[in-house]
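# Inside the fold
Here's the letter readout for the chains.
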Amino acid sequence: MDLFDYMRANTMKQEAPLASRLRPRTLDEVVGQQEIIGKDRLLYRAIQADKLSSLIFYGPPGTGKTTLAKVIANTTSAEFTQINATVAGKKDMEEVVKAAKDNRGMYGKKTILFVDEIHRFNKGQQDYLLPFVEDGTLILIGATTENPYFEVNSALLSRSVIFELKPLQKEDIRTLIERAVSDNERGMGSYDAVIEEDAKEFLADMADGDARAALNAVELGILTTARSADGKIHITLDVASECIQKRVVRYDKTGDNHYDTISAFIKSMRGSDPDAAVYYLARMLYAGESVTFIARRIMICASEDVGNADPQALQVAVAAAQAVERVGMPEAQIILSQAVLYVASAPKSNAAVNAISEAMEAVRTTKATVPVHLMDAHYKGAAKLGHGAGYEYAHDFPKHFSRQQYLPDEIKDRVFYRPSDNGYEKQIREYMKWLRE
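Analysis parameters
- Residues numbered from 1 in each chain as written.
- Predicted model: local features only at pLDDT ≥ 70, side-chain atom pairs only at ≥ 80, totals over all residues.
- Heavy atoms only, no water.
- Buried < 20%, exposed > 50% of the residue type's maximum accessible area, 1.4 Å probe, protein only.
- Helix = DSSP H or I, 4+ residues; strand = E, 2+ residues; numbered from the N terminus.
- Arc of directions from axis to C-beta.
- Contact = heavy atoms within 4.5 Å.
- Pairing = 2+ DSSP bridges.
- Axes fitted to C-alpha atoms, helices over the stretch in contact; angles between N-to-C directions.
- Right-handed = clockwise from strand over helix to strand, strands pointing away.
- Patch = residues over 30% accessible without salt bridge, like charges linked within 9 Å, V, L, I, M, F, W, Y side chains within 5 Å.
- Areas by Shrake-Rupley, 256 points an atom, 1.4 Å probe, with all protein chains shown as cover.
- Salt bridge = Lys/Arg side-chain N within 4 Å of Asp/Glu carboxyl O.

Right, let's talk about helix α4 (residues 42-49) for a bit. The set of residues buried in α4 consists of Leu43, Tyr44, Ala46 and Ile47. Looking straight down α4, one finds that the buried residues subtend no more than 165 degrees of arc, so they occupy a single side. Along its buried surface, α4 packs onto α3 (34-37), β1 (55-58), α5 (65-75) and β5 (161-164). Asp50 occupies a position one or two residues after α4 and carries a positive phi of about 55 degrees.

Right under this line is the structure:
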């Protein structure tokens, strides 16, 4: 590196975004992800011992995938090389492999290749790396926001340990915000800024587990806010909401407002008001509520409040829940909207709730025995005991229905399922009435 390269690198380091400057240099500086880098965990021990195998880090943006790779770079005695799959081509990989072979042959030194956005590599590019990972020329560390089981070559996966990084907890984000404001060396401490508690709480909440989003907002707030009369820069709630481009919505995920909003959401779907239901959906999404939490509530409502009045409602809700996990925001809001509007507009029945509630109570309060003719006659000696004797195979009878008794003798006259007269359940009700008469 010549003088100009050194000056350029030093300038870039000083002018790098706050999120980049604050990257941990050691494992002890890492915030969050303790389930995979806690001191008793495999990854922590492997990094500390400098005994790494190939790794895949998988998780949403801002959860620390690149951070962990940088920590490894600072810790390992191996040569560390980084490329980004969005811009790297085969020539770049060939140069990395050549250097790795030279390091191994001449110095006996391993090479770690960190590939950011590894899912961007096509199959051919991933296949090119495979033999060099297999023979130990390269130790591969890949980072991806996409499910590696869908996007990464199965042969590479079989030679790697996969670690899933979760969105950071709100307390983790708060810790990083405080570090950013107070750190004089790499943070914004020299600006003499103060961040108010409600602003800190708001940013930690709105970041939704993405440390980079919170730190970018802190940096923007400090750089663009004028000093107050006391000479300090005050990051207020209004400043914070402008910097993260979110209007403040009074919605605390752990407080009364959260429960009030979700209650109104459920009651609006149950009450067949699609306009109100989609409004409360928007309110939750705007405030940063988890899309998986919302999807779970829609599935519950589809079964609890719609049930067999429209069996399709549960299918729509389940499909929506699966889709939002694959798609993510912002498009996930369209999928959730479709599911909410369908469930809210569907005919309603809570007969399934009543049926299982009464059946559970019967199980709890009544000692009953399975009728002998319904018992399994196939296991050893069962037929000799008379199990299954007298069973009538329903498909051998007209309309595929036999009038034999199915409930235990003790509760043989109980009725648990009472279909409503709404939607498809009205047909079920008429059919069940015909069977019983």
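Further notes follow.
Let us now look at the sheet that holds β5. One open sheet accounts for 5 strands, arranged β2-β3-β4-β1-β5; its pairing is parallel. The two strands at the open ends of the sheet, each matched to only one other strand, are β2 (79-84) and β5. Between one strand and the next, the sheet's axes are offset by a mean angle of 15 degrees, whatever the strand orientation. Sheet topology places β2 next to strand β3 (residues 111-116); 6 bridges connect them, and they run parallel. Bridging from a neighbouring strand, Ile83 pairs with Val115 of β3. Relative to β2, helix α6 (residues 90-107) is tilted by about 175 degrees, and along the sheet it contacts β2 and β3.

So, on to the pairing of β3. Buried residues dominate β3, accounting for 6 of its 6 residues. Alternating residues of β3 divide into Thr111, Leu113 and Val115 and Ile112, Phe114 and Asp116, and every residue in both groups is buried. A crossover links β2 with its parallel partner β3, the connecting element being α6, and its sense is right-handed. As judged from the 5 bridges shared by β3 and strand β4 (residues 139-144), these two strands associate in the parallel manner.

Side chains of Tyr391, Tyr393 and Tyr406 sit close together on the surface and give an oily, nonpolar patch of about 340 Å² of accessible area. Classification of Tyr391 by relative accessible area gives partly exposed; the value is 42%.

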